[in-house]
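# Examination of the molecular architecture
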Amino acid sequence: MAAACKIELTFADGHKMPALGFGTWRAPDDEVEKALNEALEAGYRHIDCAPVYLNEPTIGRVLRQWIDSGRVTREELFIVTKLPPHGTRASTVEKFLKRSLADLQLEYVDLYLVHVPFTVPEVDGPFLTDGNGEIVLETTTDHVSLWKGMEAIADAGLARSIGLSNFNQRQIQRVLDNCRIKPANLQIENHIYLQQHGLVKFCKANDITVTAYSPLGSKGIEKLLNREVPDLLDNPVVKGVAQRHGKTVAQILLRHLLQRGIATIPKSTNPDRLRQNIALFDFELSDEDMAELNGLDQNLRICDFGFFPGITKHPEFPF
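Residues numbered from 1 in each chain as written. Predicted model: local features only at pLDDT ≥ 70, side-chain atom pairs only at ≥ 80, totals over all residues. Heavy atoms only, no water.

Named according to an unreviewed UniProt entry, the protein chain is NADP-dependent oxidoreductase domain-containing protein originating from Anopheles culicifacies. Per UniProt, the protein chain has the following entry under Sequence similarities (unreviewed entry): "Belongs to the aldo/keto reductase family." (UniProt positions renumbered as here; feature names shortened; annotations may be inferred.)

In space, the 8 strands of this open sheet follow the order β3-β4-β5-β6-β7-β8-β9-β10, with parallel pairing throughout. Edge positions in the open sheet fall to β3 (21-23) and β10 (263-264), since each of these has one partner strand only. (Pairing = 2+ DSSP bridges. Helix = DSSP H or I, 4+ residues; strand = E, 2+ residues; numbered from the N terminus.)

Moving on, we get to the UniProt feature "binding site: substrate" (unreviewed entry) in the protein chain. UniProt's feature table lists "binding site: substrate" (unreviewed entry) at His115, given in the numbering used throughout. Mapped onto the elements of the fold, histidine 115 is located in the loop between β6 (109-114) and α4 (143-155).

So, about the packing of helix α3 (residues 93-104) against α4. Direction vectors running N to C along α3 and α4 enclose 45°, while the axes themselves pass 9 Å from each other. The angle between α3 and α4 falls in the class oblique. The handedness of the crossing between α3 and α4 comes out as right-handed. Within the contact between the two elements, α3 uses Val93, Glu94 and Leu97 and α4 uses Leu146, Gly149, Met150 and Ile153. Its residues assigned to classes, the contact of α3 with α4 comprises 5 nonpolar, 1 polar and 1 charged. (Axes fitted to C-alpha atoms, helices over the stretch in contact; angles between N-to-C directions. Parallel < 35°, antiparallel > 145°, perpendicular 65-115°, else oblique. Left-handed = near helix turned anticlockwise from the far one by under 90°. Contact = heavy atoms within 4.5 Å. Nonpolar A, V, L, I, M, F, W, Y, C, P; charged D, E, K, R; others polar.)

Counted residue by residue, strand β5 (residues 78-83) has 6 buried out of 6 residues, so it is predominantly covered. Here strand β4 (residues 46-48) pairs with β5 via 3 bridges, running parallel. Residue pairing in the sheet places isoleucine 47 in a bridge with isoleucine 79 of β5. With respect to chirality, the unit in which β4 leads through helix α2 (residues 56-68) into the neighbouring parallel β5 is right-handed. Here β5 runs beside β6; their pairing, made up of 4 bridges, is parallel. Among the inter-strand pairings, valine 80 is bridged to a residue of β6, identified as leucine 111. Once you follow β5 into α3 and on to β6, the crossover reads as right-handed. (Buried < 20%, exposed > 50% of the residue type's maximum accessible area, 1.4 Å probe, protein only. Right-handed = clockwise from strand over helix to strand, strands pointing away.)

With that settled, consider the nonpolar core. Judged by nonpolar contacts, the single largest core of 92 residues is most densely connected at Tyr112, Ile172 and Leu186. At 7 residues, the largest contribution of residues to this core is made by helix α9 (residues 249-259). Not counting residues within four places of it along the chain, the set of residues in contact with leucine 186 comprises Leu164, Ser165, Asn166, Phe167, Ile172, Leu199, Cys203, Ile208, Thr209, Val210 and Thr211. (Core = buried A, V, L, I, M, F, W, Y, C linked by side-chain atoms within 4.5 Å.)

Let us now look at a negative patch on the surface. On the surface, Asp29, Asp30, Glu31 and Glu33 cluster together to form a negatively charged patch. Summarising the element assignment, aspartate 30 is placed in helix α1 (residues 29-42). (Patch = residues over 30% accessible without salt bridge, like charges linked within 9 Å, V, L, I, M, F, W, Y side chains within 5 Å. Areas by Shrake-Rupley, 256 points an atom, 1.4 Å probe, with all protein chains shown as cover. Salt bridge = Lys/Arg side-chain N within 4 Å of Asp/Glu carboxyl O. Lys, Arg positive; Asp, Glu negative; His and termini not counted. Charge placed at Lys NZ, Arg CZ, Asp CG, Glu CD.)

Two elements in contact, α4 and helix α5 (residues 169-177), have axes whose closest approach is 9 Å; the angle formed by their N-to-C orientations is 60°. Relative to α5, the element α4 is oriented oblique. Both α4 and α5 take part in a crossing whose hand is right-handed. From α4, His143, Val144 and Trp147 reach across to α5, where they touch Gln171, Arg174 and Val175. Among the residues forming the contact of α4 with α5, the class breakdown is 3 nonpolar, 2 polar and 1 charged.

All chains considered together, the criterion is met by 0 disulfides. Between cysteine 203, a cysteine without a disulfide, and cysteine 179, which holds the nearest cysteine sulfur, the sulfur-to-sulfur distance is 13 Å. Overall, cysteine 203 belongs to the buried group, its relative accessible area being 1%. (Disulfide = S-S within 2.5 Å.)

Here it is, written out as structure tokens:
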């Protein structure tokens, strides 16, 4: 069994997801090809993708090579992808999923998420912008209708499980109040500075698993956001816990999430860090460690979609 499978989360529909996955956001083709090969070699089996990351065809080629060579079976893999912002309407769910399936060279995905709760006009290429450089919005987003489209692709077997990403509690409740198939998972930004305890508690109470993206922070998106972001890896409290355990700071941040019952998808293209990030199953944080790390919460969001100018004007902007 691959190392990443030592902790799994069980969905309400009975399917299981490895709690540690490999993130592919902001990994261009040349980097993601090498890194994904390294990740699969290291034991990662949960791979997180999205069409807006612009690398699904490369990911698909690597997955196909591994499956065709017999180094891994399709059943051993847990592949996640997402409905993009220009597809968040019931009429385009199946089209965009089938496009991702073709790029990933798969017949189904294990988990299909609505990437964001807002909609922009459908385009083939960069999102439309107006004369002020702001994203053109489609403000008729209908989550109830959209979720019926998601249920239809689950019924068709194109996605084994379906879920949400970046939705707030009010938006999730709207789906829960009108669904036939409950969301299996919510993917959100979550790390020591944005622990979202209330939202996580709400999800657990409704049998929705949670996946944390940007678990190590997102220093790499400073240029996208045009502002400084905090360096989680430089926090003295986390460094102290890491020193006590003889582990890296990243390992402590990831283990903290796992012990909170949250899955996580760190992204790295560095082979050594890839292997360090998966080596989380030979130690546990104590109650005292957890309390120290829980105390670092600042409700500080890094990925606030500032790279989508004007998106805060959308009526379903979630934050």
